[in-house]
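The primary structure of each chain is shown beneath.
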Amino acid sequence: MFSLEGTTALIIGIANDQSIAWGCAKALKERGAALAVTYLNEKAAPHVRPLAERLEAEIFLPLDVRDDDQMDRLFEEIGNRWGQLDTLLHSIAFCPKDDLHGRVIDCSEDGFATAMDVSVHSFLRLIRRSEPLMKDGGTCMTVSFYGADRVVDHYNIMGPVKAALESATRYAAAELGPKGISVHALSPGPLRTRAASGIDYFDELMNAAAERAPTHRLATIDDVGAFATFLASREAANVTGGIHYIDGGYSVVA
């Protein structure tokens with residue numbers, strides 16, 4: 001079994017123990033990676049701090065990705081403490097509620113800009129800051145959903161936003177491949193996470209996905225974590241630019 005001993009990983013997006021980022025962080029830690037964990041704000045800190053402690057995270061700092069100063073401080077701390085970064089996991093998305101629940105064509109200019117900034121451009125900003133620390137190569141991962149490729153009822157504006165995220169993943173992979181830095185999007189099917197709870201009729205979507213998937217099972221955050229650790233390993237060094245479906249085969253069913 002591959003090992004991540006001696007590597008470091010930055011985890012963005014743990015909200016609670018149902019978060020995809022939590023499943024990935026656990027798996028990376030179990031394989032030996034040292035972790036840096038962020039939390040959104042002081043309201044979120046009491047929920048995330050106990051999980052960071054369970055992970056024995058060596059760095060625990062606030063990060064609102066819209067705050068450049070916070071992002072700069074985070075990477076300064078990573079550089080000072082570790083001098084390198086091997087893995088970046090970006091597992092965040094946001095859209096104002098009124099725009100999320102409305103039609104795509106009715107999305108406000110501010111709502112669209114906010115969703116694209118937090119959900120897509122923040123990944124690029126994090127990659128840009130990670131690049132100088134990935135001196136011997138590295139792995140950058142984000143989280144998507146098949147609503148990027150197909151119309152999913154009630155997913156609304158997040159479909160176009162995730163499509164942009166997947167395209168950004170491919171372009172970043174092409175640009176950073178010569179440096180040995182791989183870029184990936186993990187695309188699990190419906191999962192019961194805090195982010196998903198904001199989408200209308202999500203329980204119905206989950207039930208339908210489980211019924212149609214060849215395995216008749218939804219993916220779990222542990223399934224996503226297991227795949228993420230492989231991508232973070234040297235064994236996957238020649239894999240990049242992919243949208244990796246971790247959904248029990250649901251994405252292949254017509």
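Note that the coordinates shown come from a computational prediction; the quantities given were computed from them, not determined experimentally.

Rules used in this analysis
- Residues numbered from 1 in each chain as written.
- Predicted model: local features only at pLDDT ≥ 70, side-chain atom pairs only at ≥ 80, totals over all residues.
- Heavy atoms only, no water.
- Buried < 20%, exposed > 50% of the residue type's maximum accessible area, 1.4 Å probe, protein only.
- Helix = DSSP H or I, 4+ residues; strand = E, 2+ residues; numbered from the N terminus.
- Pairing = 2+ DSSP bridges.
- Expected span 1.5 Å × (residues − 1).
- Contact = heavy atoms within 4.5 Å.
- Phe/Tyr/Trp six-rings, centres within 6.5 Å; stacked < 30°, edge-to-face > 60°.
- Lys NZ or Arg CZ within 6 Å of the ring centre and 35° of its normal.

K.L.:
How would you explain the pairing of strand β4 (residues 87-90) if you had to name every residue and give the values?
P.N.:
Side-chain alternation along β4 places Thr87 and Leu89 on one buried face and Leu88 and His90 on a second face that is also buried. Pairing analysis gives four bridges linking strand β1 (residues 8-12) to β4, with the strands arranged parallel. Paired with alanine 9 across the two strands is threonine 87, which belongs to β4. Sheet topology note: the β4/strand β5 (residues 138-143) ladder contains four bridges and is parallel. Among the inter-strand pairings, threonine 87 is bridged to a residue of β5, identified as threonine 139.

K.L.:
A description of helix α6 (residues 158-176) should follow, citing residues and the corresponding values.
P.N.:
The end-to-end C-alpha separation of α6 is 26 Å, in line with the 27 Å expected for 19 residues at 1.5 Å each. Among the residues of α6, Met158, Gly159, Val161, Lys162, Leu165, Glu166, Ala168, Thr169, Ala172, Ala173 and Leu176 are the ones counted as buried. The secondary structure elements touched by the buried residues of α6 are α4 (97-100), α5 (109-130), β5, β6 (181-188) and β7 (243-246).

K.L.:
Describe the side chain of threonine 38, and please don't skip the residues or the numbers.
P.N.:
Mapping threonine 38 onto the fold places it in strand β2 (residues 34-39). Since its relative accessible area comes to 3%, threonine 38 is described here as buried. Those residues within four positions of threonine 38 in sequence are excluded, and the remaining contacts are Leu10, Ile11, Ile12, Gly13, Ile14, Val48, Leu61, Leu63 and Leu74.

K.L.:
Describe unusual backbone geometry, with residues and values.
P.N.:
Located in the positive-phi region is histidine 154, a residue other than glycine, with phi close to 75 degrees. The class for histidine 154 is partly exposed, based on a relative accessible area of 32%. A positive phi angle, close to 55 degrees, is found at asparagine 156, a residue other than glycine. Tracing the backbone shows asparagine 156 in the loop between β5 and α6. Judged by its relative accessible area of 22%, asparagine 156 is partly exposed.

K.L.:
Give me the lowdown on the packing of aromatic side chains, citing residues and values where you can.
P.N.:
Taken as a whole, this structure holds six aromatic pairs when the rule is applied. Ring centres of phenylalanine 145 and tyrosine 146 lie 4.6 Å apart, and the angle between their planes is 20 degrees; on these two criteria the pair is classed as stacked. One exposure class covers both phenylalanine 145 and tyrosine 146, and it is buried. Pairing phenylalanine 227 with phenylalanine 230 gives two aromatic rings, centres 6.3 Å apart and planes at 75 degrees, and the pair type is edge-to-face. Taken together, the residues span about one helical turn, with phenylalanine 227 and phenylalanine 230 both in helix α8 (residues 221-232) at a distance of three residues. Looking at phenylalanine 230, the relative accessible area reads 30%, which means it is partly exposed. Aromatic ring contacts, followed pair by pair, group Phe145, Tyr146, Tyr155 and Tyr250 into a single cluster. Over the face of the ring belonging to phenylalanine 2 we find arginine 31, whose NZ or CZ atom lies 5.7 Å from the ring centre.

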